[in-house]
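One-letter residues, chain by chain:
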Amino acid sequence: MALPWRSRKSGKKTKPEKSVSRTEISIPMHFLCPISLELMKDPVTASTGITYDRQSIETWLELGNTTCPVTNREMENEELIPNHSIRKVIQDWCVANRSLGVERIPTPKIPMTGSQVADMMSEISAATRRGDHARCVQLVAKVKNLARESERNRRCFALNGTNGVLAATFNAFAGGSSESPAAEILEEALEALATLLPLGEEAASRIGSPESLNRLVSILQHGSLAARLNAALVMKELLASNGAGADVIAGTKGLVEALVKLVEEPISPQAAKASLVAIFYMINRDERTASRVVDLGLVPVLIEVLVGPEKSMCEKALAVLDVLLGCGSGREKAYGHALTMPVLAKKMFRVSDMATELVVSALWKLCRDDEEGGEGRGRCLQEALQVGAFQKLLLLLQVGCGEATKERATNLLKLLNGCRGRQECVDTMDFKGLRKPF
């Protein structure tokens, strides 16, 4: 098969007779993967004796296929044996054609097998029982590094109970002091768990123990930047997997405060997003926790976060804000912030369908007719008209939305219509120059 490569020679046209033309390089057919028809970078041989590029045949098998793509015979097993001979021949061919722009394929690393993972997990469990900190650190770091080498390794670890073993190790050393030799193994285990998310039922159960939760809070408060990020990621996953048990986890001393601080003083966008999701799970079913979060001053922080343009961050901030506006104290904080209405109006159509629904829900909670609104509610209605919310809600009903959002938008229009005539509509304010959280 012939594929074009451009020569590496200079393309300067100082002399017309030396101008560079495309050179066609003929690649031997047995160097090409039968599936992708591209040069094999990691040739492996299936049980039928046919050699493929690893990525192509693994994708084929992951799709549920059990037959050989070339022979159409049933494959006896999914074991793929590295074909070192053909790989070395391909590498030699690449080197021989280097002058024509062909790059040498790197020597691939051998992926982990289930039996190798099982042996490593046995070693980690044994070292944990002995209290051998140094050996645990060494083994857990090896798991982390191998998992990062390839997606195949990561899947192999996840499918062979690695998270349960890592969580058991974390739990076993969680009771020690932050200055003890166990601190290093705790951070290593946490980083490995964050690499292998989702946790799984067994790991979630162990990480959800009082000892592990208290240590997670300590890391969120005082750990290194990397450790705090990993703790936030693991906590988010833990709360997502616990469902109704999120309110119990929220009762862990210092947890709510630590997560709110990561939103107020973000160490990275990823940590802030993970903290917002974790907070959402805690407040979504527990009004007492929502009130605590409001008292910690998160509402004005969320409104300032919404000034930023990042879609994912805005969606998460709106989701948390919408829940906090369900309690009276949350609405009071929003009434007192000058950017509440301008920000919500601006984000109605500029983020996503989910954000649009959350914005309408938040506006409805701020403007609905209830006994607690008082002066703040009236001011919100006036500001909503000023920033063009009436026209945007009309447009929303025209383009279509969900039933719940449609009902709230209709009710909002009725409330705003009563205030029309007394207010002049202006464009949503420009947020340029405002300091963003990060």
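Because the structure is predicted, anything quoted here is derived from the model rather than measured.

## Some thoughts on the overall build of the protein
Part 1 of the argument: A tally of regular secondary structure across the protein gives 22 helices and five strands.
Part 2 of the argument: Across the 438 residues of the protein, 47% fall into the buried class.
Part 3 of the argument: Accessible surface computed for the protein: about 22,200 Å², of which carbon and sulfur atoms make up 49%.

## As for the packing of aromatic side chains
To describe a pair of aromatic rings, you give the distance between the ring centres and the angle between the ring planes.
Part 1 of the argument: One pass over the full model with this rule turns up two aromatic pairs.
Part 2 of the argument: Pairing F280 with Y281 gives two aromatic rings, centres 6.0 Å apart and planes at 70 degrees, and the pair type is edge-to-face.
Part 3 of the argument: On the basis of relative accessible area, F280 is assigned to the partly exposed category, the value being 24%.
Part 4 of the argument: Seen from the ring of W364, R368 lies directly overhead, with NZ or CZ sitting 4.9 Å from the centre.

## What about the side chain of D42?
Part 1 of the argument: In this fold, D42 is placed in the loop between β2 (23-26) and β3 (43-45).
Part 2 of the argument: Overall, the relative accessible area of 15% leaves D42 in the buried class.
Part 3 of the argument: With near-sequence residues (within four places) excluded, D42 lies in contact with Y52, D53, R54 and P108.

## Some remarks on the side chain of D286
Part 1 of the argument: Note that D286 resides in the loop between α13 (269-283) and α14 (287-295).
Part 2 of the argument: Judged by its relative accessible area of 10%, D286 is buried.
Part 3 of the argument: Here the side chain of D286 touches R288 through a polar contact of 3.1 Å, landing on its backbone nitrogen.
Part 4 of the argument: Polar side-chain contacts of D286 include one of 2.7 Å to the side chain of T289.

## With respect to the packing of helix α9 (residues 210-222) against helix α12 (residues 255-264)
Part 1 of the argument: The contact between α9 and α12 brings their axes to 9 Å, and the two run at 30 degrees. With respect to their mutual orientation, α9 and α12 come out roughly parallel. Between α9 and α12 the crossing geometry is left-handed. Residues V217, L220 and Q221 of α9 form the contact with α12, whose participating residues are L255, A258, L259 and L262.
Part 2 of the argument: Grouping the amino acids of the contact of α9 with α12 by side-chain chemistry returns six nonpolar, one polar and no charged.

## Brief notes about unusual backbone geometry
Part 1 of the argument: Residue P198 follows L197 across a cis peptide bond; omega there is 5 degrees.
Part 2 of the argument: Note that P198 resides in the loop between α7 (182-195) and α8 (201-207).
Part 3 of the argument: With a phi angle near 60 degrees, L37 is a residue other than glycine that sits in the positive phi range.
Part 4 of the argument: At N72, a residue that is not glycine, the phi angle is positive and equals roughly 65 degrees.
Part 5 of the argument: By secondary structure assignment, the location of N72 is in the loop between α1 (54-62) and β5 (81-82).

## So, helix α18 (residues 340-347)
Part 1 of the argument: Among the eight residues of α18, eight are classified as buried, and the element is accordingly described as predominantly covered.
Part 2 of the argument: Taken as a whole, α18 has its buried residues at T340, M341, P342, V343, L344, A345, K346 and K347.

## So, the pattern of salt bridges
Part 1 of the argument: Following the criterion strictly, the structure yields 16 salt bridges and no others.
Part 2 of the argument: The salt bridge involving R54 is made with E58; its shortest N-O contact spans 3.5 Å. Within this pair, R54 and its partner E58 are both found in helix α1, separated by four residues, close to a single helical turn.
Part 3 of the argument: Among the ionic pairs, R206 bridges to E202, the shortest N-O distance being 3.7 Å. With R206 and E202 both in helix α8 and four residues apart, this pair spans about one turn of that helix.
Part 4 of the argument: When salt bridges with common partners are traced through the structure, they connect D42, R54, E58 and R152 into a single cluster.

## Section: the nonpolar core
Part 1 of the argument: Ranked by internal contacts, the top residues of the largest apolar core, which has 118 residues, are F157, M235, I279, L298 and L324.
Part 2 of the argument: Those residues in contact with I279, other than ones at most four positions away along the chain, are L259, V260, V263, V293, L298 and V320.
Part 3 of the argument: If you look at the next biggest cluster of nonpolar residues, it comprises 20 residues, including A46, L61, M75 and V102.

## Topic: the sheet that holds strand β4 (residues 51-53)
Part 1 of the argument: Judged by pairing direction, the sheet is antiparallel, and its three strands sit side by side in the order β4-β3-β5 without closing on themselves. Each of the sheet's edge strands pairs with one partner strand only, and the pair in question is β4 and β5.
Part 2 of the argument: Here β3 pairs with β4 via three bridges, running antiparallel. The partner of P43 across the bridge, within β4, is D53.

## Here's the deal with the confidence of the model for the protein
Part 1 of the argument: The share of residues in the protein with pLDDT of 70 or more is 87%, and the mean pLDDT across the chain is 86.
Part 2 of the argument: With pLDDT under 50 throughout, residues 1-22 is counted as low confidence; its partners more than four residues away or in other chains account for 33 contacts.

## A look at helix α15 (residues 298-305)
Part 1 of the argument: For α15, the buried fraction is high: six of the eight residues fall into the buried class.
Part 2 of the argument: Those residues of α15 that fall on the buried side of the exposure criterion are L298, V299, V301, L302, I303 and V305.
Part 3 of the argument: Packed against the buried residues of α15 are α12, α13, α14, α16 (311-324), α17 (328-335) and α18.

## Looking at the packing of helix α4 (residues 133-149) against helix α5 (residues 151-159)
Part 1 of the argument: Two numbers describe how α4 lies on α5: the axes approach to 5 Å, and their chain directions differ by 130 degrees. Here α5 runs oblique to α4, going by the angle between their axes. Where α4 abuts α5, its residues V143, L146, A147 and E149 lie against N153, R154 and F157.
Part 2 of the argument: A class-by-class count of the residues in the contact of α4 with α5 yields four nonpolar, one polar and two charged.

Reading guide: rules and limits
- Residues numbered from 1 in each chain as written.
- Predicted model: local features only at pLDDT ≥ 70, side-chain atom pairs only at ≥ 80, totals over all residues.
- Heavy atoms only, no water.
- Helix = DSSP H or I, 4+ residues; strand = E, 2+ residues; numbered from the N terminus.
- Buried < 20%, exposed > 50% of the residue type's maximum accessible area, 1.4 Å probe, protein only.
- Areas by Shrake-Rupley, 256 points an atom, 1.4 Å probe, with all protein chains shown as cover.
- Phe/Tyr/Trp six-rings, centres within 6.5 Å; stacked < 30°, edge-to-face > 60°.
- Lys NZ or Arg CZ within 6 Å of the ring centre and 35° of its normal.
- Contact = heavy atoms within 4.5 Å.
- Polar contact = N/O pair within 3.5 Å; in protein donor to acceptor, adjacent residues only side chain to side chain.
- Axes fitted to C-alpha atoms, helices over the stretch in contact; angles between N-to-C directions.
- Parallel < 35°, antiparallel > 145°, perpendicular 65-115°, else oblique.
- Left-handed = near helix turned anticlockwise from the far one by under 90°.
- Nonpolar A, V, L, I, M, F, W, Y, C, P; charged D, E, K, R; others polar.
- Salt bridge = Lys/Arg side-chain N within 4 Å of Asp/Glu carboxyl O.
- Core = buried A, V, L, I, M, F, W, Y, C linked by side-chain atoms within 4.5 Å.
- Pairing = 2+ DSSP bridges.
- pLDDT = per-residue confidence, 0-100.

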